[in-house]
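# Overview (structure and organization)
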Amino acid sequence: MSDLDLLNQSLARNVKRWRTERGFTLDALAARAGVSRGMLIQIEQARTNPSIGTVVKIGDALGVSITTLLDYEQGPKVRVVPAEGAVRLWHTDAGSYNRLLAGAEAPGPLEMWDWHLMPGESSLSDPHPTGTVELVHVTAGELTLTVDGVRHRVPAGATATFEANTPHTYGNEGDVPMDMVMAVSVPPVH
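The paragraphs below set out a description of the structure included in this document.

### Observations concerning the overall build of the chain
Per the secondary structure count, the chain includes 5 helices and 11 strands. Per-residue burial over the chain gives 36% buried out of 190 residues. For the chain, the share of sequence-separated contacts (at least 6 apart) that also reach a separation of at least 24 residues comes to 70%. As displayed, the chain has an accessible area near 10,500 Å², and 54% of this comes from carbon and sulfur atoms.

Here it is, written out as structure tokens:
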């Protein structure tokens, strides 16, 4: 399969996904984006190679980036941000600061959780509704995050984001307690 075919299939999957999550009909998205309904149908069926201008219009109408629309990662998407990947946005000479740890495009309510896992403990979570995104920031120890059967090590100071519509487990395989802060974004009910 060529790179162009992969991009067209990704675009098809992602436009349909975000259109559905936003609760837009084909006609509603076509009107918002200023493209024809026929063009959207062709895009969602991966039967056309639209111009970048058309992709930008659709992304703007859906409220997502072009990168999100063209993302061709297969399966659950997990991104681990190392501690040095955090961005300091504000600081004072006295030592106060804030850091943007990680962000994800999410359309609905947010929940924030505080977790403390003792060594050898784990907690399994069933899949959440499609569109649910979780952000976890480890403050002590190391999290073993398993998403759809794939293990990811998230050390203290690092942050991970993932789509939580598949089974996932928070585990502590280390010998010291693990602490993390977690935010969960649940899609709105349509």
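### Some thoughts on the environment of G141
Mapped onto the secondary structure, G141 falls in the loop between β6 (133-140) and β7 (142-147). Look at G141 and you get partly exposed, because its relative accessible area is 21%. Each C-alpha atom, one on G141 and one on G174, is 7.2 Å from the other, the two residues being 33 residues apart in sequence. In this structure G141 touches P155, A156, V176, P177 and M178, once residues within four positions along its chain are discounted.

### Structural notes on the environment of T161
Note that T161 resides in strand β9 (residues 159-163). Relative accessible area serves as the criterion here: at 8%, T161 is assigned to the buried category. Along the backbone, T161 and L135 are 26 residues apart, and their C-alpha atoms lie at a distance of 4.4 Å.

### Topic: the sheet that holds β7
Here we have 4 strands laid out as an open sheet, ordered β5-β10-β7-β8, and antiparallel in their pairing. Looking at the sheet topology across the chains shown, the edges are occupied by β5 (122-125) and β8 (150-155). Averaged over all adjacent pairs, the angle separating strand axes in this sheet is 15 degrees, with direction ignored. Bridge count between β7 and strand β10 (residues 168-171): 4 bridges; the pairing is antiparallel. For T144, the partnering residue across the bridge sits in β10 and is G171.

### A closer look at the packing of helix α1 (residues 3-22) against helix α4 (residues 52-62)
Contact geometry of α1 with α4 gives a least axis separation of 10 Å together with a crossing angle of 25 degrees. What the angle tells us is that α1 and α4 run roughly parallel. The handedness of the crossing between α1 and α4 comes out as left-handed. Residue-level inspection shows L11, V15, W18, R19 and R22 of α1 in contact with α4, the latter providing V55, I58 and L62. Here the contact of α1 with α4 is composed, by residue class, of 6 nonpolar, no polar and 2 charged.

### Observations regarding the packing of helix α2 (residues 26-33) against α4
Where α2 meets α4, the axes come as close as 8 Å, and the angle between the chain directions of the two elements is 110 degrees. One element, α2, and the other, α4, form an angle in the roughly perpendicular class. When the axes of α2 and α4 are compared, the crossing they make is right-handed. Touching L29, R32 and A33 of α2 are K57, I58, A61 and L62, all from α4. Of the residues belonging to the contact of α2 with α4, the class tally is 5 nonpolar, no polar and 2 charged.

### A look at the packing of aromatic side chains
Evaluation of the coordinates by the stated rule reveals 1 aromatic pair. With centroids separated by 4.8 Å and ring planes inclined at 50 degrees, the aromatic side chains of W115 and Y170 adopt a geometry described as tilted. Linking W115 in strand β4 (residues 110-117) with Y170 in strand β10, this pair joins segments that are 55 residues apart in sequence.

Definitions and limits used
Residues numbered from 1 in each chain as written. Predicted model: local features only at pLDDT ≥ 70, side-chain atom pairs only at ≥ 80, totals over all residues. Heavy atoms only, no water. Helix = DSSP H or I, 4+ residues; strand = E, 2+ residues; numbered from the N terminus. Buried < 20%, exposed > 50% of the residue type's maximum accessible area, 1.4 Å probe, protein only. Contact = heavy atoms within 4.5 Å. Areas by Shrake-Rupley, 256 points an atom, 1.4 Å probe, with all protein chains shown as cover. Pairing = 2+ DSSP bridges. Axes fitted to C-alpha atoms, helices over the stretch in contact; angles between N-to-C directions. Parallel < 35°, antiparallel > 145°, perpendicular 65-115°, else oblique. Left-handed = near helix turned anticlockwise from the far one by under 90°. Nonpolar A, V, L, I, M, F, W, Y, C, P; charged D, E, K, R; others polar. Phe/Tyr/Trp six-rings, centres within 6.5 Å; stacked < 30°, edge-to-face > 60°.

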